[in-house]
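Chain residues, written in single-letter form:
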Amino acid sequence: MNHSVENRFFAIVCGALLVFVAPLFILFLFLSSERAEKEIKDHITVLLVANAQALAKPLWDLDEDSVTQISATTVAEGAIVRVNVRDLSGQLDVTQSTIPKSYKGNLESVSRSIIYNGVDGAKKLGTITVYYPQLGLFDGLKNEEIVFISIFIFAVLTVFGAALIGNRIFVIQPLMRLTHAVEATRRLGSRHHVDWQSNDEMGRLASSFNDMQSKLQREETELKLAHRRATDTYNLTPAMLFSLDKDDCIAAVSDYWLAATGYDRKEVLGREFASLVLPESRSQYSERKRSNPDSAARLAVTVKFLCRNEQVMDVLILETTAIQDGLSLSVMTDVTELKQSEDRNLRQAITDHLTGLLNRQGFETALDAKINEADLRGRELACLFIDLDRFKWINDNMGHAAGDAALRELVSRLQKRMRPGDIAARLGGDEFAILLLAEDAEARALDMSARIAEVFEAPFYGDARLSASVGIAIYPRHAANAAELLLKSDIAMYAKKRDGKNGAQIFDNGMLDDSRRRAELESHIESGLSEDWFEAHLQPVVNIDDRSIAGFEALMRLHHPHKGILPPARIIEVAEETGSIIRIGNRIMEKAVAHFARLSQLDGMQDTYLAINFSPLQFEPELPVRMAALLSRYDISPRRIVVEITEAVLMDDNPETRMVINEICRYGCRIALDDFGTGYSSLSYINRFPVDIIKIDQSFVRAINDTASDVSAKSRMLVESITTLSHKMSCTVIAEGVETEEECATLRTMGIDYGQGYLFYRPQHPDILMTTLSCLEMNGQSRVAQAS
């Protein structure tokens, strides 16, 4: 059997009924006649309770008809002779009565409050009072009934007392102990247990409570241990940890954070973190959440943090906001060195390492910024594009160390002549640019150009002399954007280069036509190389005495399919500037040697030579090997090849160029000095270099018979002197540009060996020349040039 409080209470009640109710039941059989009166009274009580409930709603609504109807129903009940319903406010007072007029007895009344249970709680609305005839004290009772009632009351009291005692012992007492344990736990924080053992529900409740207390005590111990571990981890982790509340105020900081920043915990707790950030970074920190709406649970921001000792750190803050109670957890990392390294890398990326000026990348960024500034301030911006003249000579003859020293010295001189706000950059090699912001940019640019010219008045490192070509373009007068401004200043600089260098040139729109023509010519050159438009025309060189053919000079021609043969001088100039002259020269050399091999098959042509012009850029280390392979392919003796060079090649005195020339000479080829008499002509070249042939420039040939006697005399003297000295140095002399018989006769009297010009032969395509020479041979005529 289950020993429960309910079963024990039931057993007590049943025992009391068996002991006391059975005798009362026997007495009830004798007193049943008196039960009716008691039932009437009970009935009145029940009826009063029911009608009080029924009247609550009508009385709340002041429904007089419903109240009257309920009152009439009530007064119709047996012993009730009158009913009175009254509202507390006095607005409703209903009375129903069935008392006959002849009745003289007293009436007993019973009243009950009418309670309405509404949304706002129970409210008393009024009272209902019923009246019934008053009975005498002993009118309705007999002695037996009095005895029965007394016995019944005694039995009920006995049962109630027994139930109360049992409830006190088995229910109230353990509950009181349980309550005391709960209160002690709440007030003292300790885990009190209930000292109660039984086999019923109260015993199991006490046991469960004690088990719960033990479990909670273990969990509290584990929680405290976890909290201590978390606190130790928070404080001992070698990272600057801190937590913020929802208002971005500091809620907690780690010991490492305090050690790194120098602050005390008391002075930072509750303080806005933004107050520790420098003003220049504060807005960036405050906007970190709005600027990262898609990743608000994990934020990253780099700001400048102010330590207690006024030291500023660049810190990276990684913040996680997905923490309970509105707190965030952040880790702060000192990235000062990394930031400084990034700044150094940025400076290195936009700065020229040699001069300390901006490089091209940095200059382009500065140019965009200056254009924006010019727009905002309503000013003009001048861009000066500077290219040094003869800087290559320093590198080639004095070494790159001397060239670097000269560049540094140049920059030092320039910076002394610049104003605050001016920007200078080294775009590469010997190219520089300067930006000048002014209301009248042209006047400022011309003034700066004059200052630049002053820079070159004194020699540079190693007594080197330099000059500069300066191109000037002005925004927005000449250009609408940065790229266009730089391009047009570059165009102006090249225009000055072509006009003689050493000076400044302001851009004008006519230069665009030159630039377009140049671009078109560059396109023709590239197309000519890819489509094989380049041809090697040959012009014979004849003996000045008998006019027999001694050799041929290979001349470059570009035969455009639509425009015909283009002027070669301009093509050579552009090709040397772009560097394509090397490919063109190799192409012409291969074709000229191939044509020369065909010409050599004609009778009498086996001892002729082929002269090939070489640009200074062509003297690469591979040139001798390339020439040897080409001559071997066509079985041509190196002695039959003449390499024509200009004085510019010898003037630079480049060691690499000298080595290539010496290698060509050792291979067996001869060297001819072309256009002798122009530029910085010096016979010392003949002594210093292995020159075999001197070619007198055509300007002297034309002047020997000039109408002005003094010009003619001086020219003849020069030609005779060159010829005499050249012969004494075992050099052959060739006169260029011979066009008249009078010039030919004069040159013959001066002892010139060979002649070349329109008087003898024009430059011709090898096929035409082959046909001409073959026809002369077939007709039995000697290959002697006739006057044209």
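Sequence order sets the numbering: in each chain, residues are counted from 1 along the sequence as written. This being a predicted model, a pLDDT of at least 70 is required before a residue's local features are given, and a value of 80 or more before pairs of side-chain atoms are given or counted; all residues contribute to the totals for chains, interfaces and linings. Note that water and hydrogens are dropped before the side-chain values are worked out from all heavy atoms of the structure.

1. Focus: the sheet that holds strand 3 (residues 107-118)
Stated formally: Strand pairing requires that DSSP identify at least two bridges connecting the strands. Here a strand is any run of E in DSSP of at least two residues, a helix any run of H or I of at least four, and the numbering for each starts at the N terminus. Comment: axis = line fitted to C-alpha atoms, over the contacting stretch for helices; angle = value between 0 and 180 degrees taken between N-to-C directions. Contacts were defined at the residue level, with two residues in contact if any of their heavy atoms lie within 4.5 Å.
Read across the sheet, four strands follow the order 2-1-4-3 without closing on themselves; strand pairing throughout is antiparallel. Strands with a single pairing partner mark the edges of an open sheet, and in this sheet they are strand 2 (93-97) and strand 3. Geometrically, the sheet is characterised by an average inter-axis angle of 15 degrees between neighbouring strands, direction not taken into account. Where strand 1 (residues 82-87) and strand 4 (residues 121-133) come together, six bridges link them in antiparallel fashion. Paired with Asp87 across the bridge in strand 4 is Gly126. Here helix 3 (residues 64-75) sits on the sheet and contacts strand 1, strand 2 and strand 4; the angle it forms with strand 2, its principal contact strand, is near 25 degrees.

2. Remarks on the pattern of salt bridges
What counts here: Put simply, a salt bridge is a Lys or Arg side-chain nitrogen that is within 4 Å of an Asp or Glu carboxyl oxygen. Per-residue accessibility, obtained with a 1.4 Å probe over protein chains only, is compared with the maximum for each type, and a residue is labelled buried under 20%, exposed over 50%, and partly exposed between these values.
Following the criterion strictly, the structure yields 31 salt bridges and no others. Glu409 is the partner of Arg413 in a salt bridge, and the nearest nitrogen-oxygen pair spans 2.5 Å. One end of the pair, Arg413, and the other, Glu409, are both in helix 12 (residues 400-416), four residues apart, so they sit about a helical turn from each other. The exposure class assigned to Arg413 is buried, which follows from its relative accessible area of 14%. Since its relative accessible area comes to 28%, Glu409 is described here as partly exposed. Counted as one network, the salt bridges with shared partners bring together Glu553, Glu644, Lys695 and Glu736.

3. Observations regarding the packing of helix 10 (residues 360-377) against helix 14 (residues 482-498)
Short version of the rule: Handedness of a helix crossing follows the sense of rotation of the near helix relative to the far helix, less than a right angle counterclockwise being left-handed and clockwise being right-handed. Under the scheme applied here, ten amino acids are nonpolar (Ala, Val, Leu, Ile, Met, Phe, Trp, Tyr, Cys and Pro), four are charged (Asp, Glu, Lys and Arg), and all others, including Gly, are polar.
Close contact between helix 10 and helix 14 brings their axes to 9 Å; oriented N to C, the two are set at 115 degrees. For the element pair helix 10 and helix 14, the recorded crossing hand is right-handed. Contact residues: helix 10 offers Arg360, Phe363, Leu367, Asp368 and Ile371, while helix 14 offers Ala482, Leu485 and Leu486. Here the contact of helix 10 with helix 14 is built from residues that sort into six nonpolar, no polar and two charged.

4. Considering unusual backbone geometry
The amide bond that connects Tyr475 to the next residue, Pro476, takes the cis arrangement and shows omega of 0 degrees. You can see Pro476 is positioned in the loop between strand 13 (467-475) and helix 14. Its identity is not glycine, yet Asp248 carries a phi of approximately 60 degrees, on the positive side. Position of Asp248 among the secondary structure elements: in the loop between strand 5 (240-244) and strand 6 (250-253).

5. As for the sheet that holds strand 11 (residues 423-428)
Ordered by their spatial adjacency, five strands build an open sheet running 11-12-10-13-14, and the pairing between neighbours is mixed. The strands lining the two open edges of the sheet, one partner per strand, are strand 11 and strand 14 (503-506). Taken over all neighbouring pairs, the strand axes of this sheet differ in orientation by 20 degrees on average, direction set aside. Sitting on the sheet, helix 12 is in contact with strand 10 (380-389), strand 11 and strand 12 (431-438), with an inclination near 10 degrees to strand 12. Seen against the sheet, helix 14 touches strand 10, strand 11, strand 12, strand 13 and strand 14 and runs at an angle of roughly 145 degrees to strand 13.

6. Considering helix 14
To keep things clear, this is the line we draw: In this analysis, the expected span of each helix is defined as 1.5 Å times one less than the number of residues it contains. What qualifies as a polar contact is a pair of N or O atoms within 3.5 Å, subject to a donor-acceptor requirement within protein and to the restriction that residues adjacent in sequence count only when both atoms come from side chains.
Counted at 1.5 Å a residue, the expected span for helix 14 with its 17 residues is 24 Å, and the 25 Å between its end C-alpha atoms agrees. Among all positions of helix 14, only Ala482, Leu485, Leu486, Lys488, Ser489, Ile491, Ala492, Met493, Ala495, Lys496 and Lys497 are buried. By the N-cap criterion, in which a side-chain oxygen at the helix start approaches the backbone nitrogen of a residue two or three places on, helix 14 is capped by Asn481, the distance to Ala483 being 3.4 Å. One or two steps after helix 14, the chain reaches Gly500, where phi turns positive at roughly 125 degrees.

7. Re helix 18 (residues 623-634)
Heads up, the condition is: Each direction from the helix axis to a C-beta atom contributes to the arc, which is the arc of those directions.
With 12 residues, helix 18 should reach 16 Å at 1.5 Å per residue; the first-to-last C-alpha distance of 17 Å fits that figure. Regarding helix 18, the residues found buried are Leu623, Pro624, Met627, Ala628, Leu630 and Leu631. Down the axis, helix 18 shows its buried residues gathered within 165 degrees of arc, on one side only. Exposed residues on helix 18 whose side chains face more than 90 degrees from its buried face are Val625, Ser632 and Arg633. Elements that come into contact with the buried residues of helix 18 comprise helix 17 (581-599), strand 19 (641-645) and helix 20 (655-667).

8. As for the pairing of strand 19
For a regular strand, side chains alternate in direction, first toward one face of the sheet and then toward the other. In plain terms, the rule: Looking down the strands as they point away from the viewer, one classifies a crossover as right-handed if the path from the first strand across the helix to the second runs clockwise.
A large share of strand 19 lies buried, amounting to five of its five residues. Residues Ile641, Val643 and Ile645 point to one face of strand 19 and Val642 and Glu644 to the other, with burial holding for every one of them. Note that strand 18 (residues 609-613) and strand 19 share four bridges and pair parallel. Residue pairing in the sheet places Ile612 in a bridge with Val643 of strand 19. Since strand 18 and strand 19 lie parallel, the crossover through helix 18 that links them has a hand, and here it is right-handed. In terms of strand pairing, strand 19 meets strand 20 (residues 670-676) through four bridges, oriented parallel. Among the inter-strand pairings, Val643 is bridged to a residue of strand 20, identified as Ile671.

9. Observations regarding the nonpolar core
Which entries qualify depends on this criterion: The nonpolar core is taken to be a set of buried Ala, Val, Leu, Ile, Met, Phe, Trp, Tyr and Cys residues, with the residues joined through side-chain atoms within 4.5 Å.
Ranked by size, the top nonpolar core spans 73 residues in total, and within it Phe534, Phe552, Leu610, Phe619, Met627 and Val643 carry the most contacts. For this core, the element with the most residues is helix 17, which contributes 10 residues. For Phe534, the residues in contact, after removing those within four places along its chain, are Ile525, Gly528, Leu529, Met556, Arg557, Leu558, Ile571, Ile584, Ile588 and Lys591.

10. Structural notes on the side chain of Glu431
Residue position: Glu431 is located in strand 12. Beyond its immediate stretch of four places on either side in the chain, Glu431 contacts Arg360, Phe385, Ile386, Asp387, Ala425, Arg426 and Tyr494.

11. Some details on the packing of helix 17 against helix 18
Two quantities define a packed helix pair, namely the angle between the helix axes and the distance between the axes. This is how the line gets drawn: The scheme is simple: roughly parallel for angles under 35 degrees, roughly antiparallel for over 145, roughly perpendicular for 65 to 115, oblique for anything else.
Axis separation between helix 17 and helix 18 bottoms out at 10 Å; the angle between their running directions is 25 degrees. The orientation of helix 17 relative to helix 18 falls into the category roughly parallel. Considering how the two elements wind past one another, helix 17 and helix 18 form a crossing that is right-handed. Packed against helix 17, whose contacting residues are Asn586, Met589, Glu590, Val593, Ala594 and Ala597, the element helix 18 presents Leu623, Arg626, Met627, Leu630, Leu631 and Tyr634 at the interface. Looking at the contact of helix 17 with helix 18, its residues break down into nine nonpolar, one polar and two charged.

12. Overview of the pairing of strand 3
Note: strand 3 against strand 4, 12 bridges, orientation antiparallel. Its bridge partner lying in strand 4, Glu108 is registered against Tyr132. Hairpin connection from strand 3 to strand 4: two residues lie between these consecutive antiparallel strands.

13. Concerning the state of the cysteines
Note the cut-off: Disulfides are defined as pairs of cysteine sulfur atoms found within 2.5 Å of each other.
What the rule picks out here adds up to zero disulfides. Here Cys669 is not disulfide-linked; the sulfur of Cys665 is the nearest cysteine sulfur, at 8.0 Å.

14. Topic: the environment of Arg265
Mapped onto the fold, Arg265 is located in helix 7 (residues 265-268). When its relative accessible area of 31% is taken as the criterion, Arg265 is described as partly exposed. Side-chain polar atoms of Arg265 contact the backbone oxygen of Val253, separated by 2.9 Å.

15. Things to note about the packing of aromatic side chains
As a reminder of what qualifies: To pair, rings of Phe, Tyr and Trp, with the six-membered ring standing in for Trp, must have centres within 6.5 Å; the planes then decide the type, stacked if under 30 degrees apart, edge-to-face if over 60, and tilted in the middle. Any Lys NZ or Arg CZ found within 6 Å of a ring centre and within 35 degrees of that ring's normal is scored as a charge over the ring.
Scanning the model with the defined rule gives nine aromatic pairs in all. Between Trp257 and Phe305 the ring centres are 5.9 Å apart and the planes differ by 75 degrees, which places this aromatic pair in the edge-to-face class. Of the two residues, Trp257 is situated in helix 6 (residues 255-261) and Phe305 in strand 7 (residues 298-306); the sequence distance between them amounts to 48 residues. Both residues of the pair, Trp257 and Phe305, count as buried. Ring geometry for Phe614 versus Phe619: centroids 5.9 Å apart, planes at 40 degrees, classification tilted. For the pair shown, Phe614 and Phe619 are each scored as buried. Pairwise contacts between aromatic rings join Phe242, Trp257, Tyr263, Phe273 and Phe305 into one cluster. Between Arg518 and the ring centre of Tyr494, over which it is positioned, the NZ or CZ distance is 5.6 Å.

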